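# Secondary and tertiary structure notes
For reference, the chains in residue letters:
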Amino acid sequence: MKNSGKKKLSTEPYKGVRDFYPEDMFIQNYIANTMREVVEKYGYAEYSSSILEPAELYEGKTSEEIVNEQTYTFTDRGDRRVTLRPEMTPSVARLVAARKRELAFPLRWYSVPNVFRYERPQRGRLREHWQLNCDIFGVAGIEAEIEIISLAANIMRALGAKDTEYEIRINNRKSLNKLLNEFSVSEEQKKEFLRLLDKRDKIENFDEKAKDILGSEISLDFDIDAETKNIIEELKARNVKNVVFSPTLVRGFDYYTGTVFEVFDLAPGNNRSLFGGGRYDNLLDIFGMENIPAVGFGMGDVTIKDFLETHALLPEYAPNTDLYIATVGPEHIADAQELADKLREQGINVAVNMLDKKIGDQIKTAAKQAIPFLIAVGEDEAKTKNYIIKNLNSGKEIKTKEEEIADKIWSENV
Ligand code: HAM
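Quick summary incoming for the structure in this document. (Residues numbered from 1 in each chain as written. Predicted model: local features only at pLDDT ≥ 70, side-chain atom pairs only at ≥ 80, totals over all residues. Heavy atoms only, no water.)

## Some details on the sheet that holds strand β3 (residues 72-75)
Going by this rule: At least two DSSP bridges between two strands are needed for those strands to be called paired. Here a strand is any run of E in DSSP of at least two residues, a helix any run of H or I of at least four, and the numbering for each starts at the N terminus. Structural elements are reduced to axes, namely lines fitted to C-alpha atoms, with helices fitted over the stretch in contact, and the angle between N-to-C directions of any two is expressed from 0 to 180 degrees.
Strands sit in the order β2-β4-β3 across an open sheet of three strands; the sheet is antiparallel. Single-partner strands in this sheet number two, and they are β2 (52-54) and β3. Shown here is a sheet whose adjacent strand axes are inclined to one another by a mean of 35°, direction ignored. Bridge analysis of β3 against strand β4 (residues 81-84) gives four bridges, and the strand direction is antiparallel. The residue bridging T75 from the neighbouring strand is R81, located in β4.

Following this line, the structure appears as structure tokens:
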């Protein structure tokens, strides 16, 4: 089809979002599957919901910066204002609120949604990312924090991270609120100060701006509170020792009510926040419900992938296809298909050549797709049902009967 004179469409994805080619999908699945394995070990059940939410869900109680500057909001054909979810917490709170009476608490839930934020794309920040959300509902005591933080640490370990490579910073919003109560300022000004503190590392003249909001200078080197101290000690007892008290840690959302924590990469080249979470005991308020205490975190795929890259922990690509069946002449494609069907029944993932191409080119195709094994079907093979399995990584070849192909591939005995 000709496109004469018309502007050519770009093959680039929309700004700040990613395409996932099979090699990227492999990493993406590796990260998500590792997260799933660990959270399921702790008894967390998976839930999901739509990307689309009514815009009001975010306007009450989450984060002004996200609502005013970072949401993708539009009006649908029925005049409803709709938002692409910028995070999962209001959605999960909605799900819990809707079935509060039927659900059995404590509730341990997880999800791996994609979420959208209109941000300036940069390292670690994109406009679409996937985020493990792991939350426990119905536990008011610090057992919830201890479980959630040790679970987070165990995901890092399952991804291959050493405890010395990252640090878990922890603080309590109650300490910050107590400190702010010493200033005669409005609730709005307190929130404004917390938002400023959240950005402290990114802005200049923090002290001056803080003074503008609060009317006088503020000192942030307050002592550790008893709750945070206990959490750190209990975590140590459970072999999570890289937790440090961090009095300036706030986190951006208004809904946090107690513990807040954030996991930081300690590598000089990637010294940044990887993920975080905290306690939010009042979020069911927005649905006019009696509150349920909750603790959880959001762990993003972008920052985790950067971490794995920085620490040389990314696995090497391997496709799900085990075997490529090449054909010596197109007249053997039917034989190859028949063999493929038999092997598929035994659980081998097989791709079959379907073009009239030279055998050398077929081998190149399979090797380029990183498929580990290849069998060529020609006159002899069709007749004798004896085959040669070629290991495309080592170049090694072995002769085998049809009945033994699956075993040889399973045991990688080629
Ligand atoms: P958050 O800190 O906004 O918290 O996001 C959690 C994590 O998602 C971040 O630490 C980061 O790993 C990733 N993330 C956030 N924004 C971006 C972005 N623009 N690009 C790439 N990655 C990003 C929350 O969303 C809370 N709802 C988490 C939570 C769950 N708290 C309690 N339960």
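## Some points on the site of the ligand
Quick note on the threshold: Working definition: residue near molecule or strand if any one of its non-hydrogen atoms lies within 4 Å of it. We call two N or O atoms a polar contact when they sit within 3.5 Å, provided that within protein one can donate a hydrogen and the other can accept it, with sequence-adjacent residues counted only if both atoms are side-chain atoms. Accessible areas in this description were obtained via Shrake-Rupley with a 1.4 Å probe; residue shielding takes into account the shown protein chains only. Following the grouping adopted for this structure description, the nonpolar residues are Ala, Val, Leu, Ile, Met, Phe, Trp, Tyr, Cys and Pro, the charged ones are Asp, Glu, Lys and Arg, and the polar ones are all others, Gly among them.
What surrounds the ligand is a group of 26 residues, the closest being E87, T89, E119, Y256 and L274. Here Q131 contributes a side-chain N or O atom positioned 3.0 Å from an oxygen atom of the ligand. Between the ligand and the protein, one listed contact pairs a nitrogen atom with a backbone N or O atom of F297 at 3.4 Å. Protein contact buries 96% of the 650 Å² of open area that the ligand shows by itself. If you list the elements that add at least two residues to the shell around the ligand, you get β7 (128-137), β11 (273-279), β12 (294-300) and α10 (301-310). Its residues placed into classes, the shell around the ligand shows nine nonpolar, 11 polar and six charged.

## Quick notes on the sheet that holds strand β13 (residues 323-327)
We apply this condition: Throughout, a contact is declared for two residues whenever any of their heavy atoms are within 4.5 Å.
Ordered in space as β14-β13-β15-β16-β17, the five strands form an open sheet in which the pairing is mixed. Here the strands that pair on one side only, and so sit at the sheet edges, are β14 (350-352) and β17 (397-401). Going from strand to strand, the sheet's axes swing by 30° on average, the running direction of each strand aside. As defined by bridge partners, β13 adjoins β14 across three bridges and the pair is classed as parallel. When the bridges of β14 are listed, L323 appears paired with V350. Where helix α12 (residues 359-368) meets the sheet, it contacts β13 and β15 (373-377), and its direction lies at approximately 165° from that of β13.

## Side note on the side chain of N114
Rules: Exposed residues in this analysis have more than 50% of their type's maximum accessible area, buried residues have under 20%, and partly exposed residues fall in between, with area computed by a 1.4 Å probe over protein chains only.
Within the secondary structure layout, N114 lies in strand β6 (residues 114-116). By relative accessible area, N114 is classed as buried at 12%. Sequence-distant contacts of N114, defined by excluding residues within four places in its chain, comprise I51, R85, E128, H129 and W130.

## Let's talk about the packing of helix α7 (residues 187-198) against helix α8 (residues 206-214)
Threshold: To sort the angles, those under 35 degrees are grouped as roughly parallel, those over 145 as roughly antiparallel, those from 65 to 115 as roughly perpendicular, and the leftovers as oblique.
It is at 9 Å that the axes of α7 and α8 come closest, and there the two elements cross at 170°. Put simply, α7 runs roughly antiparallel to α8. Contacts from Q189, E192, F193, L196 and L197 of α7 reach α8 at F206, K209, A210, I213 and L214. In terms of residue class, the contact of α7 with α8 is built from seven nonpolar, one polar and two charged.

## Description of helix α5 (residues 143-158)
The cut-off we apply is this: Helix span, expected: 1.5 Å multiplied by one less than the number of residues in the helix.
Here α5 spans 22 Å end to end across 16 residues, near enough to the 22 Å set by a 1.5 Å rise per residue. Within α5, 12 of the 16 residues are buried, which leaves the element mostly enclosed by the surrounding structure. Among all positions in α5, only A144, E145, I146, E147, I148, I149, S150, L151, A152, A153, I155 and M156 are buried. G160 sits one or two residues past α5 and shows a positive phi near 100°.

## Here's the deal with the packing of helix α1 (residues 22-41) against α5
Rule in force here: It is the rotation of the near helix from the far one that decides the hand of a crossing: anticlockwise by less than a right angle makes it left-handed, clockwise makes it right-handed.
Here α1 crosses α5 at 135°, and the two axes come no closer than 9 Å. On the basis of their axis angle, the class for α1 and α5 is oblique. For the crossing formed where α1 meets α5, the hand is right-handed. Across the interface between the two elements, Y30, T34, M35, V38 and V39 of α1 pack against L151, N154, I155 and A158 of α5. Taken together, the residues of the contact of α1 with α5 sort by class into seven nonpolar, two polar and no charged.

## Some details on the layout of surface pockets
Rules: Both cavities and pockets are sets of points on a 1 Å grid over the protein atoms alone; in a cavity a 1.4 Å probe fits but cannot get out, in a pocket the set is open with protein on both sides within 12 Å along at least five of seven lines, and lining residues sit with an atom within 4 Å of a point. Grid points are joined across faces, edges and corners, and a volume is the space filled by probe spheres set on the points.
Volume-wise, the second largest pocket comes out at about 330 Å³. Forming the boundary of the second largest pocket are 17 residues, of which R173, N177, K191, L194 and D254 lie nearest the centre. For the lining of the second largest pocket, the secondary-structure elements that each account for two or more residues are α6 (173-181) and α7. Counting residues per element, the lining of the second largest pocket draws most heavily on α7, which supplies five residues. Along the lines of polarity and charge, the residues of the lining of the second largest pocket split into four nonpolar, five polar and eight charged.

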